[in-house]
Amino acid sequence: HFPINANIVNGGKTLELRNFLGEKIVRTVHMLPGVSVEKSASTKDELVISGTDIELTGRSAALVHQSCLVKDKDIRKFLDGVYVSSHGAKEE
């Protein structure tokens, strides 16, 4: 119902999520050291989180996912959020 807007600032080091469930607050997620985020060139509404350390990259993805958890609502009905669709080595 409400389109989530994702803005990448600070050279890919910070992600700003706006309009989650129609809320006015801006959710800011700082990537961990050595991790960057970028919008996918091929797929619409997809973010690519990349880095050399798999632990820091996975933790940064978890921080983005946790910032958009639905609270006090039925999660079967409110499916809005940011989810991990795939993980692994990035193909060049």
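Residues numbered from 1 in each chain as written. Predicted model: local features only at pLDDT ≥ 70, side-chain atom pairs only at ≥ 80, totals over all residues. Heavy atoms only, no water.

I'd like to hear about the nonpolar core, residue by residue, with values.
What tends to happen in soluble globular proteins is that the nonpolar side chains get buried as a cluster. A6, L15, L17, F20, L21, V29, M31, V35, V37, V64, C68 and V70 form the largest nonpolar core, which has twelve residues in total. Look past the residues within four positions of M31 in its chain and what remains in contact with it is G12, K13, L15, V37, I49, S60 and V64. (Core = buried A, V, L, I, M, F, W, Y, C linked by side-chain atoms within 4.5 Å. Buried < 20%, exposed > 50% of the residue type's maximum accessible area, 1.4 Å probe, protein only. Contact = heavy atoms within 4.5 Å.)

Account for the sheet that holds strand β2 (residues 14–18), naming residues and giving values.
Taken in spatial order, the three strands of this open sheet run β1-β2-β3, and their pairing is antiparallel. A single partner strand is all that each edge strand has here, and the edge strands are β1 (5–9) and β3 (27–30). With strand direction ignored, the average angle separating the axes of adjacent strands in the sheet is 20 degrees. Alignment of β1 against β2, held across five bridges, turns out to be antiparallel. Bridge pairing in β2 links N5 to R18. Sheet strands touched by helix α1 (residues 54–67): β2 and β3. Its angle to β3, the strand with the most contacts, is close to 170 degrees. (Pairing = 2+ DSSP bridges. Helix = DSSP H or I, 4+ residues; strand = E, 2+ residues; numbered from the N terminus. Axes fitted to C-alpha atoms, helices over the stretch in contact; angles between N-to-C directions.)

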